[in-house]
Amino acid sequence: MNDNGGRRRRDGVGIPDEGYGPGEEYDNGKERGMAGEDEVESIEKIFASQEVPSWKSQLTFRAFAVSLLLSVAFSFIVMKLNLTTGIIPSLNVAAGLLGYFFVKTWTSLFSRFVAVPFTRQENTVIQTCVVASSGIAFSGGFGSYLFAMSDTLATGPDANVFKNPSLSWIIGFLFLVSFLGLLSVVPLRKIMIVDFKLTYPSGTATAYLINSFHTPKGAKLAKKQVKELGKFFSISFLWAFFKWFFGGGKDCGFDAFPTFGLEAHEKRFYFDFSATYVGVGMICPYIINISVLVGGIISWGLMWPLIEKRAGEWWDPMAAKIEDMRGIKGYMVFLGIALILGDGLYNFLKVLSITLHAMYQQFRKRENVLPVASDSSPESSERSFDEQRRTQMFLKDQIPYWFAITGYVALAALATGLLPTIFPQLKWYYVLVIYIIAPPLAFCNAYGCGLTDWSLASTYGKLAIFLIGAWAGSAHGGIIAGLAACGVMMNIVSTASDLTQDFKTGYLTLASPRSMFISQVIGTAMGCVISPCVFWIFYKAFKDFGVEKSAYPVPYATIYRSMARVGVEGFSSLPKNCLNLCYGFFAAAIVINGIRDLAGKKRARFIPIPMAMAIPFYIGSYFAIDMCLGSLILFLWERVNKAKADAFAPAVASGLICGEGIWSLPSSVIALAGVKPPICMKFLSRATNERVDAFLNPGS
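Every value quoted in this text rests on a predicted model; they were computed, and no experiment measured them.

## Some details on the side chain of R596
With respect to the helices, strands and loops of the structure, R596 is situated in helix α23 (residues 578-604). Here R596 occupies a buried position and makes no salt bridge, while the nearest side chain of opposite charge, D597, is found at 5.9 Å. Here the side chain of R596 touches I607 through a polar contact of 2.6 Å, landing on its backbone oxygen.

Here's what the structure looks like:
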């Protein structure tokens, strides 16, 4: 769900980085029904008759042409999700299916001219490139630290501390910070993948998915899945157009439908008929959707109505009118932040302890005793053949250590000199300190991700906000310095774990580490240009961009701005009793996570996740209704035909997400052209409708 930090938790939901975190991307590790099965037969014996292409042959023109097309499409989808709620589901199934479909179509159309077969290695290159590119739409901070710098969110005492978005500096910033993380872990790839045998569940799931496409049985299933994806893509796209067409005015369209009554609608508790979040709900685990709903009920159903009654006593009603944090908005934002930080701290310490313990055991015994690696040991001749084959190919094409080390030093020196020209508040010695401490943090994040499938990139980013912000101080632009430092740290740590995931995927599909590294670099470069351009379209097309209750409220930008403000100014700007409540919610997040771990996996399924509960605190729970509906659809489908649900649910969900997501492109172009929806459709109560009729027909 990226609070913006991770990629895709192969990316997944992308709920992000901190276990199951908001605003970040989450991935179930194993896509439902797509890659969870144990390898009953030797995968590599199935492909033994196929020659493995060289690393150069894996990097084809058609692979990058398809990657570019899919990167643009997926960047729009991820950007829309990032700017609305911050919940970003895994789009790996969609990327894998569409990549497979487009290249197969390409080879069919040009079979007379191109005789090169479509291999699983080339499929892996496409997958890596697309996910790397579209991931920049999330980790680039467009929905968090980057837009948090803008004057739209600069209110109160720091109203003059801002840096508005501009294509030139955003693209330059991303090119400076997005590649160092790739170089920081290259020297450790053999240790991570071969020696330690880290599982990287999401990377493993992606590899199983790609391998299945290229078997006769898997190819047939893939064709059916593409058909389902296309069908629901069309339905979702047309539905989005229908909603736009009838939304021509204030309180028009289905978003204004008072599902549970007018009062509930005012409290942001309604069903907004979003195909996107129905699809998100089908991909997210049930507990995520329920947690979001529970968070919405606690906040908008209980907390905020009670705090509203304390107007004038606890908070300033005048501050609420100007959206100042001294009003009720302060409670909405900071109580959510308390849950996020409590959950993030708990999972950070948990993953760190697991990582350190595993590393201690690894180096002490000089053998693989990692608690999650037992399934990787070659206990059969088939598994031994697979491992020997994969290790041989993985070690064949080396990336020189000197290249990685000198590249990191050179890029770090370049960024240290140039970043202060983009952000004068971010002094060169702040950047230097970040680049000195980043490699060990990147290693820890990549190692922990291999053990738990959790990336803690956004946690490290928040840490940079507080440390650099406090170091700079309010008098020297600490808010901007902290937010910029957050972006630097997050990009390094996030891309490091992403690349090791890609190495694991390549290891299991016999894709060369060189082709994985190059495709990641090319995909990242694509994203550094595509994502800012996509963001710019949204930013210019919608005049109320970033405003609360607008189509694109960018909620996590408000949260990151508030964290930066607290890091610089302290807690003096908070309304009365807000800090005490924050302490309570922070502690509650830690306690709930502890109970979840002590309860065991079976009971933990029924205990809400604090990170997910925090999402609706500020933006409302309207999308939670959509997500729970998606969960209900999936639950009923599994009860009726579990095998079919496992096979096709990810494709159906991806189609629903992609269709409405792609509509954001033409809708943005239409908005830029000044075209408004032609018809206003409203839903009125009978009494209101009678009054309207009486007004329109006074003589009747």
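There is more to say, and it comes next.
## So, a positive patch on the surface
On the surface, a cluster of positive charge is made up of K104, K220, K223 and K224. Counting residues per element, the positive patch draws most heavily on helix α10 (residues 216-245), which supplies 3 residues. Here K223 shows up in helix α10.

## Some remarks on the environment of F47
Counting through the fold element by element, F47 comes out in the loop between α1 (43-46) and α2 (55-58). The buried category is assigned to F47, whose relative accessible area is 3%. Sequence separation between F47 and N211 is 164 residues; the distance between their C-alpha atoms is 9.3 Å. If near-sequence neighbours (up to four positions away) are discounted, F47 is found in contact with R120, N211, H214 and T215.

## Points about the packing of aromatic side chains
Summed over all chains, the structure comprises 37 aromatic pairs. Seen in terms of ring centroids, F535 and F545 are 5.7 Å apart; in terms of plane orientation they differ by 80°. Their pairing is edge-to-face. In this pair, F535 is assigned in helix α21 (residues 513-541) and F545 in the loop between α21 and α22 (555-569), connecting sequence segments 10 residues apart. Of the two residues examined, F535 and F545, each falls in the buried class.

## Concerning α10
Between its first and last C-alpha, α10 extends 44 Å over 30 residues, near the 44 Å set by a 1.5 Å rise per residue. Looking only at α10, the buried set comprises G218, A219, A222, Q225, V226, L229, S236, A240, K243 and W244. Packed against the buried residues of α10 are α4 (92-109), α9 (201-213), α12 (275-283) and α27 (642-672).

## Here's the deal with the packing of helix α5 (residues 120-139) against α9
It is at 9 Å that the axes of α5 and α9 come closest, and there the two elements cross at 135°. As far as their axial angle goes, α9 and α5 are oblique. At the point where α5 passes α9, the crossing takes the right-handed sense. Contacts between α5 and α9 involve R120, N123, T124 and Q127 on the former and, on the latter, T206, I210, N211 and F213.

Rules used in this analysis
Note on numbering: residues in each chain are counted from 1, in written sequence order. Under the rules for a predicted model, residues below a pLDDT of 70 receive no local features and side-chain atom pairs below 80 are neither given nor counted, while totals for whole chains, interfaces and linings still include all residues. Water and hydrogen atoms were dropped before computing side-chain values, which therefore reflect all heavy atoms in the structure. Counting from the N terminus, the helices are the DSSP runs of H or I reaching at least four residues and the strands are the DSSP runs of E reaching at least two. Only protein chains enter the accessibility calculation, which uses a 1.4 Å probe; a residue is then buried when its area is under 20% of its type maximum, exposed when over 50%, and partly exposed in between. Lys and Arg are tallied as positive, Asp and Glu as negative. Neither His nor the chain termini are counted. Any carboxyl oxygen of Asp or Glu that lies within 4 Å of a side-chain nitrogen of Lys or Arg is treated as forming a salt bridge with it. Counting of polar contacts relies on pairs of N or O atoms within 3.5 Å, with two restrictions inside protein: one atom must be capable of donating a hydrogen and the other of accepting it, and residues adjacent in sequence are counted only when both atoms are side-chain atoms. Candidates for patches are residues over 30% relative accessible area with no salt bridge; among them, like charges are joined within 9 Å and nonpolar side chains (Val, Leu, Ile, Met, Phe, Trp, Tyr) within 5 Å. What sets the accessible areas is the Shrake-Rupley method with a 1.4 Å probe; for residues, cover comes only from the shown protein chains. Note on charges: their place is set at NZ of Lys, CZ of Arg, CG of Asp or CD of Glu. Two residues form a contact once any of their heavy atoms are found within 4.5 Å. Two aromatic rings from Phe, Tyr or Trp, using only the six-membered ring of Trp, form a pair when their centres are within 6.5 Å; if the ring planes differ by under 30 degrees the pair is stacked, by over 60 it is edge-to-face, and anything between is tilted. A helix is expected to span 1.5 Å multiplied by its residue count minus one. Lines fitted to the C-alpha atoms define the axes, with helices restricted to the stretch that makes contact. Angles between their N-to-C directions range from 0 to 180 degrees. Roughly parallel covers angles under 35 degrees, roughly antiparallel covers those over 145, roughly perpendicular covers 65 to 115, and oblique covers all other angles. By the definition used in this description, the sense in which the near helix is turned from the far one sets the handedness, with an anticlockwise turn below a right angle giving left-handed and a clockwise turn giving right-handed.

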